[in-house]
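Chain by chain, the residues run as shown.
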Amino acid sequence: SNRAETLEFQAEARQLLQLMVHSIYSNKDVFLRELISNASDALDKLRLASMVDKELEVDTSDLHVEIEVDRAARTLTVRDNGVGMSRDEVVQVIGTIAKSGTAELLRKLRESSDSGARQELIGQFGVGFYAAFMVADRVELVTRRAGESGGTRWESAGEGTYSVESVDEAPQGTSVTLHLKPADDEDNLHDYTAEWTIREIVKRYSDFIAWPIRMTVERPGEGDETSTETQTLNSMKALWARPRDEVDEAEYNEFYKHVSRDWADPLDIVHMRGEGTFEYEALLFIPSHAPLDLFSPQGRRGVQLYVKRVFIMDDCEALMPNYLRFVKGVVDAHDLSLNISREILQQDRQIQVVRRRLVKKILATVKDMKANHAERYRTFWTEFGAVVKEGLIDDTENQGTLLEILSVASTNDPAEPTDLAGYVGRMKDGQADIYYATGDSRAMIENSPHMEAFHAKGYEVLLLTDQVDEVWIERVGQYDGRTLRSIAKGDVDLDTEEEKKEAEAEREQQRKEFADLLTWMGVTLADSVKEVRLSSRLTTSPACVVGDAHDITPTLEKMYRAMGH
Ligand code: ADP
Ligand code: MG
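Residues numbered from 1 in each chain as written. Chains lettered and ligands numbered in written order. Predicted model: local features only at pLDDT ≥ 70, side-chain atom pairs only at ≥ 80, totals over all residues.

## Quick notes on the pairing of strand β5 (residues 151–156)
Move 1: Two elements, strand β4 (residues 136–144) and β5, share five bridges in a ladder whose sense is antiparallel. Residue pairing for β5: L141 is matched across the bridge by W154.
Move 2: Here β4 folds back onto β5 in antiparallel fashion, the turn holding six residues, of which G147 has a positive phi close to 95 degrees.
Move 3: Pairing between β5 and strand β6 (residues 161–167): six bridges, direction antiparallel. For R153, the partnering residue across the bridge sits in β6 and is E165. (Pairing = 2+ DSSP bridges. Helix = DSSP H or I, 4+ residues; strand = E, 2+ residues; numbered from the N terminus.)

In structure tokens:
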């Protein structure tokens, strides 16, 4: 029947609409994102339906979204030629909110008076279609379900009721017309009839929507005349959703520059897809140089989150650990709310699973670089090594891989850093431990008296000069069953059993000879040192100061002092 009726919104829907009409959400621009996202979903659904049901009489030759503005009437229309809705569907999905947790959300909203917290809640929930009521005081929707002949017209001012009637003629798909509230800077209501504003919003939030988003714009023509032309506002390049072998390197590089605002090509590309219960695509890049803010706490993280081609947020920290903060790119997760908050993301189990996979894949990529592309790996390590080492402190799960991709300077070859496996391969007979020295500079370490005995023995020493080195090496403790031992701490045991016996006899002799001197020195230096003893570490220097095995090293001591401890 064509009968028109006026129906009431379901109670929860009414409450949510109230919140929209009175606009508790400050970023009103996102209404367009929501409408475009729905249009894009409808196009996806129609494409799928036409593939599944060959009998379905629909035109899928030019699926697109269209934005139309009438400046005089102050209306904005978002139109798609997608799957559309039947009259029942309109009543069901637009008039009610079936989402679980609605009641709970509304209760929390009522209880909260803090506007930030309220926005956060609304953000988690995702208001979808109702976001239109943030910017419009009346919304009309005309739709025709694919395969049906008649359409449905729906209209509401977002208060308690809506009207719905059947119409004979309606184009395939859905059009949503907003009767816009007056622009109001104070209320963050931009002029949504302005071409520039619309362009900006589409570019910002919907650029990678896989369907064309078109708008007919006026352009000055000959003399007084104006001509119109239809333009596509989005680039549509959802590169991450395309199979790897269909994307060429230039496209990857262009996309990288777009997401990273970098001017150089990336060093490496990770393009992956997760299937199963939680679908996602990830297109990640390892830059070829470190950004200036790499060590600044306010520095930007690279990864953007999309939900089904719709931009959700920049700097998505839930997707990348801090020590991989230089990684850029996009993760498109299919089953998340468009308005999911950062806090919720951090706790989301599936996001945690995705993050673990991404981390493993990036580390595997670096490992492969190290094995097969030495030059690229060298660049990587020079630029990002100091950051990646932070992972050895807090990512115990990937410690093994991190230790494999690590490289450090060593006394073995001044020009060539080594990895730990290389060090172990060169260990001398009878050498039990891996030796390292830390300090501000390589020259300083190499000239330190602690080095002498190691030089004399021909033992290789790792030279660690990054601040983070002190911390990770303590945390890691061992590699391949061998202790990582500082040459500046405790009793360093460099000798074999036989040598030890000889040395012990010799030392006993020396202790007797020097007993008086040692006692005198111990008393004289009592305020500065714990003990004075003869050492086997030095070959040419007369004396050196060493720490107890559990004392902090000089660099750490400096670091703590600088931090005010
Ligand atoms: P969501 O998109 O998260 O489902 P929305 O509030 O944005 O929530 O939309 C509610 C429902 O209305 C959609 O699930 C869809 O069934 C229907 N809908 C909205 N816009 C359109 C459209 N342009 N074409 C077809 N159906 C639509
Ligand atoms: Mg939606």
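## Quick notes on the environment of A437
Move 1: Looking at the element boundaries, A437 is found in strand β16 (residues 434–438).
Move 2: Counting along the chain gives 28 residues from A437 to T465, while the straight-line C-alpha distance between them is 8.5 Å.
Move 3: Among residues more than four places away in sequence, those in contact with A437 are I445, S448, H450, M451, V461, L463, L464, S486, I487 and A488. (Contact = placed C-beta atoms within 7 Å.)

## Overview of the sheet that holds strand β3 (residues 75–80)
Move 1: Across the sheet, which stays open at both edges, the nine strands sit in the order β1-β6-β5-β4-β7-β3-β2-β8-β9 with mixed pairing between neighbours. Two strands in the sheet have a free side with no partner beyond their single neighbour: β1 (5–8) and β9 (226–232). Going across the sheet, the axis of each strand differs from the next one's by a mean of 20 degrees, ignoring polarity.
Move 2: On top of the sheet, helix α2 (residues 30–52) reaches β2 (65–70), β3, β7 (173–180) and β8 (213–220); it is set at about 20 degrees to β3, its chief contact.
Move 3: Here helix α3 (residues 87–95) sits on the sheet in contact with β1, β4, β5 and β6, set at roughly 160 degrees to β6. (Axes fitted to C-alpha atoms, helices over the stretch in contact; angles between N-to-C directions.)

## Concerning the environment of L121
Move 1: Secondary-structure assignment places L121 in helix α5 (residues 115–125).
Move 2: Judged by local crowding, L121 falls into the partly exposed class, with 19 C-beta atoms found within 10 Å.
Move 3: In sequence terms L121 and I340 are 219 residues apart; their C-alpha atoms lie 9.1 Å from each other. (Buried ≥ 20, exposed ≤ 12 C-beta atoms within 10 Å, placed from the backbone.)

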